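Structure assessment
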Amino acid sequence: MADAFENILGQPQVRDFLRSSVENGRVSHAYLFTGPAGSNKTLAAYALAQAILCPKGARGPRGGNCGACDVCRRVMRRKHPDVRYFAPEGAGGYLVEQIRDIVTDTSYAPIQADKKVYILDRVDLLGTAAANAFLKTLEEPPADVVLVLLGRTRESVLPTILSRCQVVPFRHIPATEAAGILSQNTGASLEKARIAIEACDGSVTRGIEFLKSNERLAFRSRVLEALASLRLADDWDVVGQAADLVLLAKAPLDVVRAAQEEELAENADFLAKSAIRQIEARNKRALTAKSFESLRQLTAIVRSWLRDVLAVCAGTPELVINVDARAAIEEAALHADEARAAAALGAVRSCDEAISYNVSPETCIDALLFEVKDALFGQSRPHAGNVA
């Protein structure tokens with residue numbers, strides 16, 4: 001059976017480097033994975049965690065990990081208590097208190113394995129004060145701790161963080177190449193693979209999950225229906241569409257929450273109270289991450305549709321990705337132009353920023369649909385006081 005590093009699609013140099021590091025016992029205490037969204041940094045971090053925690057270790061296939069034991073499966077399902085994932089909790093990035101909690105947590109012994117792996121996403125949002133609280137631990141973490149930091153670019157990460165990590169650069173995977181990789185690994189047509197890549201912001205890993213999920217495919221269809229109906233929708237129609245989409249975006253959280261509760265119930269009898277608290281905290285972070293992922297998928301689908309409208313307005317209909325929605329795209333292009341489509345795309349960017357600042361999903365999506373409608377079709381929303 002292939003090891004987890006084989007799943008780091010589109011990044012052969014990263015895959016070979018990490019596998020060699022584990023095989024030769026040269027795992028660093030701290031890594032910084034840099035690369036754009038969709039370049040498989042997070043998956044690579046979990047693959048490295050799997051290799052570090054696997055009880056077979058370097059005895060696994062090709063010196064990586066067995067990929068089949070309970071530890072490997074739990075790490076890759078993101079359910080192992082000794083692999084901790086963190087994302088910024090503050091509106092502008094990591095909070096100093098959040099970093100201090102992480103630092104304190106590193107001093108505790110592992111719950112089940114011999115080591116612990118900490119994955120910190122978006123460390124380009126790690127400000128000076130929070131970074132200063134982290135520097136000593138980053139330079140000399142406990143012997144049983146490995147830190148994996150994820151950032152967009154080297155330049156966006158503070159030099160004090162950069163200098164204390166082994167930097168692993170991830171390349172941008174062009175959309176056409178990503179679609180080819182996805183098609184090759186799933187058997188999906190290139191057309192469907194392109195749609196999935198667009199819906200998942202270029203991520204091959206999430207694209208594979210997307211194509212396997214009937215619920216996600218149905219969710220995309222519902223988003224496209226809402227966009228197609230915008231031109232003739234009144235204000236209450238738009239409000240209703242936004243509410244429906246937010247509800248559908250939140251649906252995966254119920255599945256994740258149920259699985260978390262089941263796992264905790266199975267292990268509660270033999271875990272210490274401190275370990276249970278750690279798992280509960282990890283589960284809360286996982287739900288937050290899943291919520292962001294669902295909302296980002298919604299905006300990615302909207303963005304992809306609007307790019308298609310822009311392509312038709314620009315006289316390049318052959319560039320349309322969402323070919324199953326071509327009729328609605330061409331209808332929108334008849335009533336809009338390139339400037340209007342570009343303005344609508346700006347509304348999506350604003351929505352993504354609002355989501356990252358923890359504005360409520362209902363407010364974000366409601367505003368997005370109104371702004372897209374106004375930008376494309378020039379129909380202004382009445383003052384809120386007039387709706388009632």
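No experiment lies behind these values; they were computed from the predicted model shown. (Residues numbered from 1 in each chain as written. Predicted model: local features only at pLDDT ≥ 70, side-chain atom pairs only at ≥ 80, totals over all residues. Heavy atoms only, no water.)

**Details of the overall build of the protein**
Of the regular secondary structure elements, the protein holds 16 helices and five strands. Residues counted as buried form 50% of the 388 residues belonging to the protein. Nonlocal contacts in the protein, meaning residues at least 24 apart in sequence, comprise 72% of its contacts between residues at least 6 apart. Here the protein has roughly 18000 Å² of accessible surface; of this, 52% comes from carbon and sulfur atoms. (Helix = DSSP H or I, 4+ residues; strand = E, 2+ residues; numbered from the N terminus. Buried < 20%, exposed > 50% of the residue type's maximum accessible area, 1.4 Å probe, protein only. Contact = heavy atoms within 4.5 Å. Areas by Shrake-Rupley, 256 points an atom, 1.4 Å probe, with all protein chains shown as cover.)

**With respect to the packing of aromatic side chains**
Each pair of aromatic rings is reported with the distance of its centres and the angle of its planes. Summed over all chains, the structure comprises three aromatic pairs. Ring centres 6.1 Å apart and planes at 5° place the aromatic pair F86 and Y118 in the stacked group. Residue F86 is located in strand β2 (residues 83–86), and its partner Y118 is located in strand β3 (residues 116–120); the two are separated by 32 residues in the primary sequence. Judged by relative accessible area, which is 6%, F86 ranks as buried. A network of ring pairs unites the aromatic residues Y31, F33 and F170 as a single cluster. (Phe/Tyr/Trp six-rings, centres within 6.5 Å; stacked < 30°, edge-to-face > 60°.)

**Examining the sheet that holds β3**
Taken in spatial order, the five strands make up an open sheet running β2-β3-β4-β1-β5, and their pairing is parallel. Edge positions in the sheet fall to β2 and β5 (166–169), since each has one partner strand and no second. Ignoring strand direction, the axes of neighbouring strands in this sheet form an average angle of 20°. Across the sheet, helix α1 (residues 12–23) touches β1 (30–34) and β5, and the angle it forms with β5 is around 145°. Each of β1, β3 and β4 (145–151) touches helix α5 (residues 128–139); the most contacted strand, β4, lies at about 130° to it. (Pairing = 2+ DSSP bridges. Axes fitted to C-alpha atoms, helices over the stretch in contact; angles between N-to-C directions.)

**Points about the nonpolar core**
Judged by nonpolar contacts, the single largest core of 57 residues is most densely connected at V223, L298, V302, W305, L306, V309 and L376. A total of nine residues in this core trace back to one element, the largest contributor, which is helix α15 (residues 361–377). Those residues in contact with W305 that lie beyond four places of it in its chain are L224, L227, A228, N322, A325, A328, I329, A332 and L376. Formed by 34 residues, the second largest nonpolar core is a distinct cluster that contains V22, A45, C69 and V71. (Core = buried A, V, L, I, M, F, W, Y, C linked by side-chain atoms within 4.5 Å.)

**Re the pairing of β4**
Of all seven residues in β4, seven are buried; the element is thus mostly enclosed. Burial along β4 is two-sided: the residues V145, L147, L149 and G151 and V146, V148 and L150 are all buried. In terms of strand pairing, β1 meets β4 through five bridges, oriented parallel. Considered in β4, the bridge of L32 is made with L149. Of the strand pairs in this sheet, β3 and β4 are connected by five bridges, and their pairing is parallel. Directly across from L120, in β4, lies its bridge partner L149.

**As for the pattern of salt bridges**
Tallying each qualifying case throughout the model produces 16 salt bridges. Between K250 and E362 there is a salt bridge, with the nearest N and O atoms lying 2.9 Å from each other. Of this pair, K250 sits in helix α11 (residues 235–267) while E362 sits in helix α15, and the two are 112 residues apart along the sequence. Here K250 falls in the partly exposed class, since its relative accessible area comes to 35%. Each of D201, R296, R303 and D352 takes part in one network of salt bridges that share partners. (Salt bridge = Lys/Arg side-chain N within 4 Å of Asp/Glu carboxyl O.)

**Structural notes on the pairing of β2**
Neither face of β2 is left uncovered, since the one carrying V83 and Y85 and the one carrying R84 and F86 both have all their residues buried. Pairing of β2 with β3 involves four bridges; the strand directions are parallel. What sits directly across from V83, in β3, is V117. Considered for its hand, the β-α-β crossover made up of β2, helix α4 (residues 96–106) and β3 is right-handed. (Right-handed = clockwise from strand over helix to strand, strands pointing away.)

**Considering the environment of V117**
Note that V117 resides in strand β3. Classification of V117 by relative accessible area gives buried; the value is 0%. Sequence separation between V117 and V146 is 29 residues; the distance between their C-alpha atoms is 4.9 Å. If we skip the residues at most four places from it in the chain, V117 touches A49, I52, L53, D82, V83, R84, V146 and V148.

**Describing the confidence of the model for the protein**
When the pLDDT values of the protein are averaged, the result is 88; 86% of them are 70 or greater. Residue range residues 58–64 is modelled with pLDDT below 50. Its contacts to residues more than four positions away, or to other chains, number 20 contacts. (pLDDT = per-residue confidence, 0-100.)

**Quick look at the environment of N132**
In this structure, N132 sits in helix α5. Classification of N132 by relative accessible area gives partly exposed; the value is 49%. With 33 residues separating them along the chain, N132 and I99 place their C-alpha atoms 9.5 Å apart.

**Overview of the packing of α4 against α5**
When two helices pack together, their arrangement is captured by the angle between the axes and the distance separating the axes. Two numbers describe how α4 lies on α5: the axes approach to 8 Å, and their chain directions differ by 10°. By the angle class used here, α4 and α5 are roughly parallel. Counting all contacts with α4, which are made through V96, I99, R100, V103 and T106, the residues of α5 involved are A129, A130, A133, F134 and T137. The class makeup of the residues in the contact of α4 with α5 is seven nonpolar, two polar and one charged. (Parallel < 35°, antiparallel > 145°, perpendicular 65-115°, else oblique. Nonpolar A, V, L, I, M, F, W, Y, C, P; charged D, E, K, R; others polar.)

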